[in-house]
Amino acid sequence: MRVALMILLGLVIGSIGTANVMNVLSERNPMPKAVMHTMGYHMGELTGAIKVNQCDAVKIQRHLARLESTATDITPVFGMDDKDFTDHANQLRDHLRQAVQAAPTTCAALAAAIKLVNDSCKSCHQKYR
Ligand code: HEC
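Reference entry: report on the structure contained in this document. (Residues numbered from 1 in each chain as written. Predicted model: local features only at pLDDT ≥ 70, side-chain atom pairs only at ≥ 80, totals over all residues.)

A closer look at the site of the ligand
Close contacts around the ligand come from 21 residues, with M36, G40, H88, C121 and C124 the closest. Among the elements of the structure, α2 (31–51), α5 (83–102) and α6 (107–128) are those that each provide at least two residues to the shell around the ligand. (Near = placed C-beta within 6 Å. Helix = DSSP H or I, 4+ residues; strand = E, 2+ residues; numbered from the N terminus.)

What about the packing of α2 against helix α3 (residues 57–71)?
Look at α2 against α3: their axes get within 10 Å of each other, and the N-to-C directions meet at 155°. As judged from the angle between their axes, α2 and α3 are roughly antiparallel. In this structure, α2 crosses over α3, and the sense of that crossing is left-handed. Residues V35, T38, M39, H42, M43, E45, L46 and A49 of α2 form the contact with α3, whose participating residues are I60, H63, R66, L67, T70 and A71. Of the residues belonging to the contact of α2 with α3, the class tally is eight nonpolar, four polar and two charged. (Axes fitted to C-alpha atoms, helices over the stretch in contact; angles between N-to-C directions. Parallel < 35°, antiparallel > 145°, perpendicular 65-115°, else oblique. Left-handed = near helix turned anticlockwise from the far one by under 90°. Contact = placed C-beta atoms within 7 Å. Nonpolar A, V, L, I, M, F, W, Y, C, P; charged D, E, K, R; others polar.)

Some points on unusual backbone geometry
Excluding glycine, residues mostly have negative phi values, and the peptide bonds linking residues are mostly trans. The phi dihedral of N53 falls on the positive side, at around 55°, and the residue is not glycine. In this fold, N53 is placed in the loop between α2 and α3. Phi at A103 is positive, roughly 40°, even though this residue is not glycine. Summarising the element assignment, A103 is placed in the loop between α5 and α6.

Section: the nonpolar core
Counting residues in hydrophobic clusters, the biggest one holds 16 residues, and the most contacted among them are A71, L92, L96, A99, I114 and V117. Breaking this core down by element, the ones donating at least two residues are α2, α3, α5 and α6. Of all the elements, α6 adds the most residues to this core, at five residues. Not counting residues within four places of it along the chain, the set of residues in contact with V117 comprises L92, H95, L96 and A99. (Core = buried A, V, L, I, M, F, W, Y, C linked by C-beta atoms within 7 Å. Buried ≥ 20, exposed ≤ 12 C-beta atoms within 10 Å, placed from the backbone.)

As for the packing of α5 against α6
Interaxial distance between α5 and α6 falls to 9 Å at its minimum, and their mutual angle equals 170°. In terms of their interaxial angle, α5 and α6 are classed as roughly antiparallel. When α5 is examined against α6, the residues F85, H88, Q91, L92, H95, L96, A99 and A102 are found in contact with a partner set consisting of A109, A113, I114, L116, V117, S120, C121, S123, C124 and Y128. Of the residues in the contact of α5 with α6, the class split is 13 nonpolar, five polar and no charged.

Brief notes about the environment of A49
Within the element layout of this structure, A49 appears in helix α2. Residue A49 is classed as partly exposed on the basis of its C-beta count, with 18 C-beta atoms lying within 10 Å. Linking A49 and K59, residues 10 residues apart in sequence, is a C-alpha distance of 9.6 Å. Look past the residues within four positions of A49 in its chain and what remains in contact with it is Q54, C55 and I60.

Here is the structure:
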């Protein structure tokens, strides 16, 4: 009984320790979250513009360009040596390049352009977040 309790205690302490180490590591490297929050901000601005039906072509293009360039930071910053993760990141970049090239000037065109982008965000989050 006592041995079982000690093992249990060891496991609890071990997992608390692991959680702390993980927190410290993520605080030391804020970049992965910073990249994600930056993309989240620009996606939020775009979907917000669609909601209030105010799609200014110049602003849209700026947000899309910022998304495209920020997405190039995902792979180096996350430091994930995983082909599937990289594929997800590349797919997002492809869709962003297409959206930038489409240069939408109306809310309807913007909605169509960011649909695939949004799908790319979601599919990676489902697997890795
Ligand atoms: C290649 C994979 C991948 C793609 C593509 C991706 N994300 Fe993420 N995202 C992640 C992972 C992994 C996390 C969890 C990060 C963490 O908790 O450290 C995350 C977390 C986030 C978060 C929460 C950050 C936090 O502090 O918890 C936001 C916001 C976000 N992503 C926005 C986006 C948006 C917007 C897109 C698309 C434009 C996107 N992401 C595309 C992998 C991805």
